[in-house]
Structure formats: C-alpha cells, structure tokens
Amino acid sequence: MQMTDIIARKRDGGELSREEIQFFIEGYTRGSIPDYQASALLMAIVWRGMTRRETLDLTLAMMHSGETLDLSSISGVKADKHSTGGVGDKTSLALLPMVAAQGVHMAKMSGRGLGHTGGTIDKLESFPGFSCALSDEAFLSQVQRVGFAIAGQTADLDPADKKLYALRDVTGTVSSIPLIVSSIMSKKLAAGADVIVLDVKCGDGAFMKTESDARTLAGEMVEIGKLAGRRTVACITGMDQPLGRAVGNALEVKEAMALLRGDFGGDLLELCLTLGSCILTESGAAASDGEARLKLERGIADGSALAKLAEFVAAQGGDARAVYDASLLPSAPVTVPVPSPADGYVSAIAAERSGLVSMHLGGGRATKDSEIDLSVGFVLNKKSGDAVKKGESLAIVHARDAESAARAARDLADCFSFSDARPELKPIIRDIIR
Ligand code: URA
C-alpha cells in the first residue's frame, strides 16, 4: 500500500477503505509515514470529508493505536463525561461527586488547560498535594473504592491522537468534523467506559461557535459512540458567557464546592443536573430524568456529594480539609472590583475574551509549557440579563499584583455589553441528543 495513493484518493473525493485508514494510523504512529504526507491527507480530509463508515474506522484505528483501559474489574456500569471546553467550565468538579454519590462509577481521564479554556487537572491541583498521576491499577482500584477517579491521560493512551492533534494544530486542519469526532471519541473509547456523556458547547467561548455546528458534531459523536457499542448521549449547551461566576483555577474549585454545599445554583447547577440525569438514566440508576434529578438534588442536600469530593481529594493525595475550608486553597493577594460604566442590563459577556483576561492574569497557558498561577482569575457579580447601576461592581478581579489587576479590570469591563431593555436569554441546555 502506498501513502501517495491514499492521499490522491481522498484528494479526488474517494472513500478510503478500513485497511487504508489502518495503514495510515499505524504508519504515522510508528513514524514510518512522515508529517508531510500525514498533513496532505489531513488537508484532503478537511476538504473532502469522510463518510460515517470512514469516520468510524478512523476512530477505531486511533483508539487501538495504543493501550486501552479495561474497566471490567470494576463492578457495575462505568460512565465517563467529556466537555468540548469552555470558560469557567468547572462542571466535572461538581458532577463527578454528585453522580458517584448515587452509586454510579465514573472513570475519567482529563487534560490541562490551553488558551482561553481551563483544564480540570489544573483546577484540581489547587488542593495542596493533589495528583492526577495515577497508575492504571491505582486508577481502577480508586474508581471501585471511592466511586470515581480523575487521571491525566497517559502517553500510551491513543498515541495517534497525540501526534495527529499536534500536527493538525500547526497545519490548519483542526476544523473538520470527522477529524474532531475521531480525536475525541478515540480517546473516550480507549478509556473504556460503558456510558459516555458529551457536553458539546456552542457560542463565543466554545470550540463550536454556532449551535448548528455543535449539533452536527454532537450527532456524529453520538452515532460513532453507539456504533462502537457504547451508550452515548450528547448535550448541546450554551457558552455565550462564562459558565457559573468564577473563572480561574482555585476560584472555580471554590464555586464547585459551593454548589455541592447547596450554596450555588444558576446555569452551572442546571448543567450538572442535566448531565448527571443523562448519566444516571443511561446507567440504569434512575428510571427517568425526573427521578435522576431528585436523587442528585438529594445528594447535595444531605451532604453526600460533598463528602464524595472530600474522599476523592484524599484518595489522590490532596488535603481534603480544603473541601470544607476554602481558606486552605490558593488565594490571590490583590482583589479589585470592576465598576459598571453604564446603567441598564447586561446584554452579553464576551466569553472567549473574558477567558483570555484570566489567562493574561496568569491563570491559563499561552503555550503548552507556561506556568500557571492557581489563585488568579475573576468572579462575576453580574451575568447576562442582570440589571446594573453605573458604578456597581460587575466582577471582582483576583490578581498577583496591582498592575495586572488594573489591566484585567479594564479588559474585563470591555467584555460586558449593556442594553436598556432586559435581553432575551437562551437557556443553558439547548438540546439533548440520545
Ligand atoms: N478536542 C479534541 O480532543 N480533539 C479535537 O480535534 C478538537 C477538540
């Protein structure tokens, strides 16, 4: 088989066979196919697309390019959740303990943040001593014992995606539905869960800017997950403004803890209850969404979800006292309010730009090797639709020094738009695709 023939077939709009796709993935992972040939094929896929059969074969070839996790030693149904990423997205920190408190095991691999979006691992490292570096054995035994574990993705899991994603990033070939579907779903399938719940975000702060693109991506991921034999559901959710109120690592952990104490609601709680209901019903732990929501709400009210978080933090080496005492988490030395320049209603908060404000404060990574400051970020006092008076505080910036605080306050104020009339707001949950 010749790579040049495979490239030419896709360039001319043809369909690749399973064998050709496997040849490409195996050869590229092993290093026998050079970057320039892989880049040419990726660009041909961007232009010509792939049939669902090709996308499934690509996903399965990538999934089998390295180690796959066998969760069969853990009793019961195992679930996983994936978010396509957004600003202030601390959902996993609250959702996993909520679900595990209801007896459904969650086995999750997570990543670090890059650019305007944060990563769950960075957020969790706000707990002093916490580590996501778990061996496979430690990961499996913790999921069984505690009910959930979050590990960093190991180098052996889906090596094809690691190489391909890095190449796509520098060759203008990220934005292709079959390439995104195969990238996300190959990792999820390799991680072994029976139930996969996907949070596909749409809007200014998301990877998919429009609801229609998010719907296409979600539909394809659900189909590929099902064809691969996993129960797969996708929620299409809004990312037109930061999720919840906190943006920044330790600040987001504090907000997730407040939610688990029953002290925080709004869009974040609605999202956690919706994703959690999908997981409980797909796992057979609840007969209906209504019953699932009730169980999840009860787990917050009786403290069992918060206790689950503490058990998880301790199991991964963190200081679990911080779950009940937020003063043990990193906190920034300087806080400044962001005064409103106008009277009226907040009509929009530019999500992507506000994520960059947190990144520039030191809370996110401009490049893969940047060091991050866990304490910095901001907390919104006003969200879209809220009434505001001129001079009232729109947000509080948390910074390491006065200069970066002042700059962030100016930049964050610019992210707000105002209107005289209360704006129509879209719900956080746009659709559920089963
Ligand atoms: N996230 C991934 O993991 N892969 C993509 O291709 C895009 C977003």
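Before any of the text, the structure's been laid out above.
Residues numbered from 1 in each chain as written. Predicted model: local features only at pLDDT ≥ 70, side-chain atom pairs only at ≥ 80, totals over all residues. Heavy atoms only, no water.

1. Remarks on unusual backbone geometry
Leaving glycine out, the prevailing phi sign among residues is negative, and the prevailing peptide bond configuration is trans.
Thinking step 1. Although it is not a glycine, D158 adopts a positive phi angle of roughly 50 degrees.
Thinking step 2. Mapping D158 onto the fold places it in the loop between strand 3 (148–152) and helix 8 (159–169). (Helix = DSSP H or I, 4+ residues; strand = E, 2+ residues; numbered from the N terminus.)

2. Observations regarding the site of the ligand
Thinking step 1. Looking at the ligand, the residues that line it are Y165, R168, I180, S183, I184, K187 and F207.
Thinking step 2. Contacts to the ligand include K187, whose side-chain N or O atom sits 2.5 Å from an oxygen atom.
Thinking step 3. Bound to the protein, the ligand loses 85% of the 240 Å² it would expose on its own.
Thinking step 4. Put simply, the parts of the chain that give the shell around the ligand at least two residues each are helix 8 and helix 9 (177–190). (Near = heavy atom within 4 Å. Polar contact = N/O pair within 3.5 Å; in protein donor to acceptor, adjacent residues only side chain to side chain. Areas by Shrake-Rupley, 256 points an atom, 1.4 Å probe, with all protein chains shown as cover.)

3. Some thoughts on the state of the cysteines
Thinking step 1. Summed over the entire model, instances satisfying the criterion amount to zero disulfides.
Thinking step 2. In this structure C202 is a free cysteine whose sulfur lies 12 Å from that of C235, the closest cysteine sulfur available.
Thinking step 3. Residue classification places C202 among the buried positions, given a relative accessible area of 1%.
Thinking step 4. C235 supplies the cysteine sulfur nearest to C278, a cysteine that is in no disulfide, at a spacing of 3.9 Å.
Thinking step 5. Residue classification places C278 among the buried positions, given a relative accessible area of 1%. (Disulfide = S-S within 2.5 Å. Buried < 20%, exposed > 50% of the residue type's maximum accessible area, 1.4 Å probe, protein only.)

4. Observations concerning empty space enclosed by the protein
Thinking step 1. A complete count under the given rule lists two cavities of 30 Å³ or more for this structure.
Thinking step 2. Computed from the structure, the second largest cavity encloses a volume of approximately 40 Å³.
Thinking step 3. Surrounding the second largest cavity, L42, L58, M62, L164, R168, L179 and S182 form its lining.
Thinking step 4. Those elements that provide at least two residues to the lining of the second largest cavity are helix 4 (52–63), helix 8 and helix 9.
Thinking step 5. For the lining of the second largest cavity, the class distribution of residues is five nonpolar, one polar and one charged. (1 Å grid on protein atoms, 1.4 Å probe; cavity = no way out; pocket = protein on both sides within 12 Å on 5 of 7 lines; lining within 4 Å. Points joined across faces, edges and corners; volume = space filled by probe spheres on them. Nonpolar A, V, L, I, M, F, W, Y, C, P; charged D, E, K, R; others polar.)

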